[in-house]
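Chain and residue survey
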Amino acid sequence: MNIIALVKYVPNPEGTPQMGPDHRLVREGVEGALDPGDEHVVEAALQLAEQSGGEVTVLSMGPEPALAAIRRALSMGAHKGVLITDQALPGADTLVTARVLAAAIKRGEFDLVIGGVESTDGYTGTLPMAVAEFLAIPNATFARHVEVKDGSIRIERQTEMGYDVVECPLPAVVTVTAGANQPRYPTLKGIMQAKQKPMENLTLGDLGISAEEAKATQEVMGVEPVPAKEAGEILEDPGEAPAKVVELLSKAKVI
Amino acid sequence: MGVWVYAEVADDGKVEPGALENLTKARDLGTEVSAVALGPGATQAAATAGEYGAQTLYASDDSVYTDYIAQPAVHALHELIQQHQPELILFSPTYDSRDVAGRLQARTGATLMSNATDILGPDYAQTQIFGGQQIVDVTLSGPNPKLVIVRPKSFEPQPSGGGPAQVVPVEVEIPDELKKASRVERHEQAAAGPKIEEAKVIIAGGRGLQQPENFKLLEELAGAIGSAAVGASRAVVDAGWVPYAMQIGQTGKTVSPEVYIAVGISGAIQHLVGMKTSKRIIAINKDREAPIFQYADLGIVGDALKVLPEITAAIKAKKGS
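Definitions and limits used
- In this numbering scheme, every chain counts its residues from 1 along its sequence in written order.
- Each chain gets a letter, beginning with A, and each ligand a number, beginning with 1, in the order they are written.
- Residues qualify for local features only when their pLDDT is at least 70, as the model is predicted, and side-chain atom pairs are given and counted only at 80 or more; totals for whole chains, interfaces and linings, by contrast, use all residues.
- Runs of H or I in DSSP of at least four residues are treated as helices and runs of E of at least two as strands, each being numbered from the N terminus.
- Buried means a residue has 20 or more other C-beta atoms within 10 Å of its own C-beta, exposed means 12 or fewer, and partly exposed covers the counts in between; C-beta atoms are placed from the backbone.
- Here, residues touch in the contact sense if the C-beta positions derived from the backbone fall within 7 Å of one another.
- Remark: nonpolar core denotes a set of buried Ala, Val, Leu, Ile, Met, Phe, Trp, Tyr and Cys residues whose joining runs through C-beta atoms within 7 Å.
- Think of it as three bins: nonpolar holds Ala, Val, Leu, Ile, Met, Phe, Trp, Tyr, Cys and Pro, charged holds Asp, Glu, Lys and Arg, and polar takes everything else, Gly as well.
- Pairing between strands is defined by DSSP: at least two bridges between the two strands are required.
- Working convention: axes come from line fits to C-alpha atoms, limited for helices to the stretch in contact. Angles between N-to-C directions cover 0 to 180 degrees.
- The cut-offs work like this: below 35 degrees is roughly parallel, past 145 is roughly antiparallel, 65 to 115 is roughly perpendicular, and the gaps in between are oblique.
- Crossings are classed by handedness, with left-handed meaning an anticlockwise turn of the near helix from the far one by less than a right angle and right-handed meaning a clockwise turn.
- Expected span, for any helix, means 1.5 Å times one less than how many residues it has.
- Known as pLDDT, the predictor's per-residue confidence is scaled from 0 to 100.

1. Some thoughts on the overall build of chain B
Helix and strand counts for chain B stand at nine helices and 15 strands. Among the 321 residues that make up chain B, the fraction classed as buried is 56%. Restricting the contact set of chain B to residue pairs at least 6 apart, pairs at least 24 apart contribute 67%.

2. As for the overall build of chain A
Secondary structure assignment for chain A yields six helices and 13 strands. Considering only C-alpha atoms, chain A reaches an extent of 65 × 45 × 40 Å along its principal axes. In chain A, which comprises 255 residues, the proportion classed as buried is 46%. Looking at chain A alone, contacts between residues at least 24 apart form 70% of all its contacts between residues at least 6 apart.

3. Some words on the nonpolar core
Grouped together as the largest cluster of nonpolar side chains are 127 residues, with contacts concentrated most on Ala5 and Ala45 of chain A together with Ala35 of chain B. With eight residues, helix α3 (residues 94-106) of chain A is the single largest residue contributor to this core. The residues contacting alanine 35 of chain B, other than those within four sequence positions of it, are Trp4, Val5, Ala7, Ala19, Leu23, Ala49, Ala54, Leu57 and Ala165 of chain B. Grouped together as the second largest cluster of nonpolar side chains are 56 residues, Trp241, Val255, Val273 and Ala290 of chain B included.

4. Some words on the interface of chain A and chain B
Counting residues at the interface gives 65 residues for chain A, matched by 73 residues for chain B. For the side of chain A that touches chain B, the secondary-structure elements that each account for two or more residues are α3, α4 (127-135), β7 (139-149), β9 (162-169), β12 (218-225), β13 (233-235) and α6 (241-251) of chain A. Across the side of chain A that touches chain B, the residue classes tally to 39 nonpolar, 14 polar and 12 charged. Alignment of β12 of chain A against strand β7 (residues 134-140) of chain B, held across seven bridges, turns out to be antiparallel. If you follow proline 225 of chain A over to β7 of chain B, its bridge partner there is glutamine 134 of chain B.

5. Some thoughts on the environment of glutamate 156 of chain B
All names here are of chain B. Looking at the element boundaries, glutamate 156 is found in the loop between β8 (146-150) and β9 (166-169). The class of glutamate 156 is exposed, set by 10 C-beta atoms lying within 10 Å. Remark: the alpha-carbon pair of glutamate 156 and histidine 187, spanning 31 residues in sequence, is separated by 31 Å.

6. Quick word on the sheet that holds strand β11 (residues 201-205) of chain B
Through backbone hydrogen bonds, the strands of a sheet pair up, either in parallel or in antiparallel fashion. If you walk across this open sheet you meet the six strands as β13(A)-β15(B)-β14(B)-β13(B)-β11(B)-β12(B), and the pairing is parallel. The open sheet has two free edges, formed respectively by β13 of chain A together with β12 (228-232) of chain B, since each of these has just one partner strand. Averaged over all pairs of adjacent strands, the angle between their axes in this sheet comes to 15°, without regard to strand direction. In this sheet, strand β14 (residues 280-285) of chain B lies alongside strand β13 (residues 259-263) of chain B in parallel orientation, the contact comprising five bridges. Paired with valine 263 of chain B across the two strands is isoleucine 284 of chain B, which belongs to β14 of chain B. Sitting on the sheet, helix α6 (residues 215-225) of chain B touches β11, β12 and β13 of chain B, and the angle it makes with β12 of chain B is about 155°.

7. A short note on the packing of α6 of chain A against helix α9 (residues 304-320) of chain B
The interhelical angle for the contact between α6 of chain A and α9 of chain B, taken along N-to-C directions, is 50°, at an axis separation of 9 Å. Taken as axis vectors, α6 of chain A and α9 of chain B run oblique relative to one another. Seen from above, α6 of chain A lies across α9 of chain B with right-handed handedness. Each of Ala241, Pro242, Ala243, Val245, Val246 and Leu249 of chain A in α6 of chain A lies in contact with α9 of chain B, whose residues at this interface are Val307, Glu310, Ile311, Ala314, Ile315 and Lys318 of chain B. Residue classes in the contact of α6 of chain A with α9 of chain B are distributed as 10 nonpolar, no polar and two charged.

8. Some points on the sheet that holds strand β5 (residues 80-84) of chain A
Taken in spatial order, the 10 strands of this open sheet run β11(A)-β5(A)-β4(A)-β1(A)-β6(A)-β10(A)-β7(A)-β8(A)-β9(A)-β10(B), and their pairing is mixed. Pairing within the sheet leaves two strands with one partner each, and these edge strands are β11 (199-202) of chain A together with β10 (182-188) of chain B. Averaged over all pairs of adjacent strands, the angle between their axes in this sheet comes to 30°, without regard to strand direction. As defined by bridge partners, β7 of chain A adjoins strand β8 (residues 152-158) of chain A across six bridges and the pair is classed as antiparallel. Residue pairing across strands places histidine 145 of chain A opposite glutamate 156 of chain A, the latter belonging to β8 of chain A. Strands β1 (2-6), β4 (55-61), β5, β6 (112-116) and β11 of chain A of the sheet are contacted by α3 of chain A, whose axis makes an angle of about 145° with β4 of chain A.

9. Description of the packing of α3 of chain A against α4 of chain A
Residue and element names in this part refer to chain A. Two numbers describe how α3 lies on α4: the axes approach to 8 Å, and their chain directions differ by 50°. If you check the angle between α3 and α4, you find them oblique. As α3 runs across α4, the sense of the crossing is right-handed. Mapping the contact onto sequence places Thr94, Leu95, Thr97, Ala98, Arg99, Leu101, Ala102, Ile105 and Lys106 in α3 and Leu127, Ala130, Val131, Phe134 and Leu135 in α4. Tallied by class, residues from the contact of α3 with α4 come to 10 nonpolar, two polar and two charged.

10. What to know about helix α5 (residues 95-108) of chain B
Residues lying three or four places apart along an α-helix face the same way, a consequence of the helix completing one turn every 3.6 residues. Residues and elements named next belong to chain B. Between the first and last C-alpha of α5 there are 20 Å, a value that for 14 residues agrees with the 20 Å anticipated at 1.5 Å per step. Taking burial as the measure, the 14 residues of α5 include 13 buried ones, the bulk of the element. Phi for glycine 109, located one or two positions after α5, is positive at around 75°.

11. Here's the deal with the confidence of the model for chain B
Looking at chain B as a whole, the pLDDT averages 93, with 98% of positions reaching at least 70. Model confidence for the complex is summarised by a pTM of 0.89, with the ipTM given as 0.91.

Listed below in structure tokens is the structure:
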């Protein structure tokens with residue numbers, strides 16, 4: 001089974017993101033990493049590949065430093081990596097990104113595409129579905145559990161009040177939640193092997209996509225700070241807490 | 001202009017709350033406001049959709065739209081768009097709507113904006129980033145209709161006083177090749193106490209509680225207050241301490257209660273977006289530097305496991321007096 005894992009390189013997943021004068025997230029020259037949500041994507045892909053004897057290709061679109069995200073996935077055990085980098089792509093929106101990723105996926109044989117529920121930096125949360133539509137295949141999304149059997153998948157789809165079971169023939173696009181698994185840590189051996197694994201670098205030209213087709217349909221016109229909230233009262237002595245809490249709840253008329 | 005609201009509807013015709021918020025906003029934006037509801041219960045939503053401002057309700061009660069994920073709904077929406085050419089479609093960020101919006105974007109080649117917190121015109125919207133510290137103005141270009149997913153609680157739902165929407169039946173043939181991702185089972189966990197979205201007081205717990213068993217301290221406090229619900233941060237939901245239905249934040253619920261009590265929650269930006277519009281915020285945390293304190297009306301630096309029982313006792317005493 002050929003599995004494609006969609007991953008993203010995000011700046012500062014643990015720290016505070018920075019915005020540049022062009023109103024875009026600063027991605028270059030900033031310590032970045034594989035999006036923490038995508039570690040669950042890679043883990044899910046690896047588990048399914050291990051069960052079915054398949055291969056995992058890690059696919060990402062991003063600037064050159066995004067190679068670090070792919071490397072991380074390779075060191076976890078993925079088999080090969082594909083990175084799409086092009087000077088026409090910074091600022092790309094979800095439509096462009098989905099078009100580009102779908103074009104890259106179509107170049108080879110695939111059975112399953114796995115993505116995250118949303119990225120940690122942009123959190124638009126719709127990209128994998130757009131990829132599915134471009135590929136004209138179904139999506140079984142928001143999975144907290146995934147199984148593959150006899151050419152189809154069965155997932156537990158997260159819902160407001162519980163979960164639905166969704167079954168779907170392959171090929172399909174699946175997204176996994178952070179609750180789906182516990183991502184493995186790369187072993188030293190895995191990190192060493194990652195450097196030897198096949199790595200392909202593509203541009204828009206390789207995918208037959210013009211710079212015009214890569215033009216974003218959204219533009220940030222301005223950024224302004226939200227007026228700061230008035231500072232509240234901080235109690236360093238928790239002994240005063242019960243009386244103060246009772247006072248606040250009474251004022252709010254909830255007790 | 002024509003503004004549409006994609007409205008999820010329960011089998012009994014109850015409209016998803018976000019759709020009512022979006023209909024309220026659509027009235028300010030459009031001369032023609034329509035709702036689209038697909039699946040069992042759709043036509044029954046005409047009264048509510050009309051009450052909140054829809055003149056027209058495009059509706060189909062066919063269960064094909066709920067039996068299969070996204071593809072049939074996208075197919076029908078695309079046909080409706082070609083027939084009626086709306087300029088803007090508003091969505092809620094529910095799972096089903098996100099699936100539909102994402103696929104529809106690829107189908108129509110339109111722009112799709114997520115996490116909008118305000119819409120100023122057919123091609124001009126706002127979002128907030130970094131946990132709501134910055135407002136970003138965004139212009140939308142490309143083919144109509146523009147697609148916008150709106151953050152919950154961005155608008156206060158208000159009835160317009162209008163009568164029922166005129167129902168226009170959606171009669172679109174769904175090809176078999178779009179009936180693939182099939183919903184075969186539904187499992188719902190019944191929640192005790194008031195629903196998180198409706199509770200006047202929410203007490204939310206995070207990693208600082210140390211162990212899942214300590215959530216009972218939150219339940220005891222909720223019991224003492226009365227009309228209170230218990231919520232959680234993503235970290236403890238991911239860790240499996242409590243069910244997903246309790247999660248508050250970017251990937252969970254957005255709430256705006258009278259009082260929000262954050263217990264052992266540091267205040268990551270993904271959590272803040274889900275609760276920062278609460279009327280009053282109390283934070284209890286051991287770490288004086290935790291970002292949550294910047295948002296708190298009352299911050300308590302201390303061990304939640306010690307402080308919580310004392311607060312619960314004080315409330316009981318107050319109520320008893």
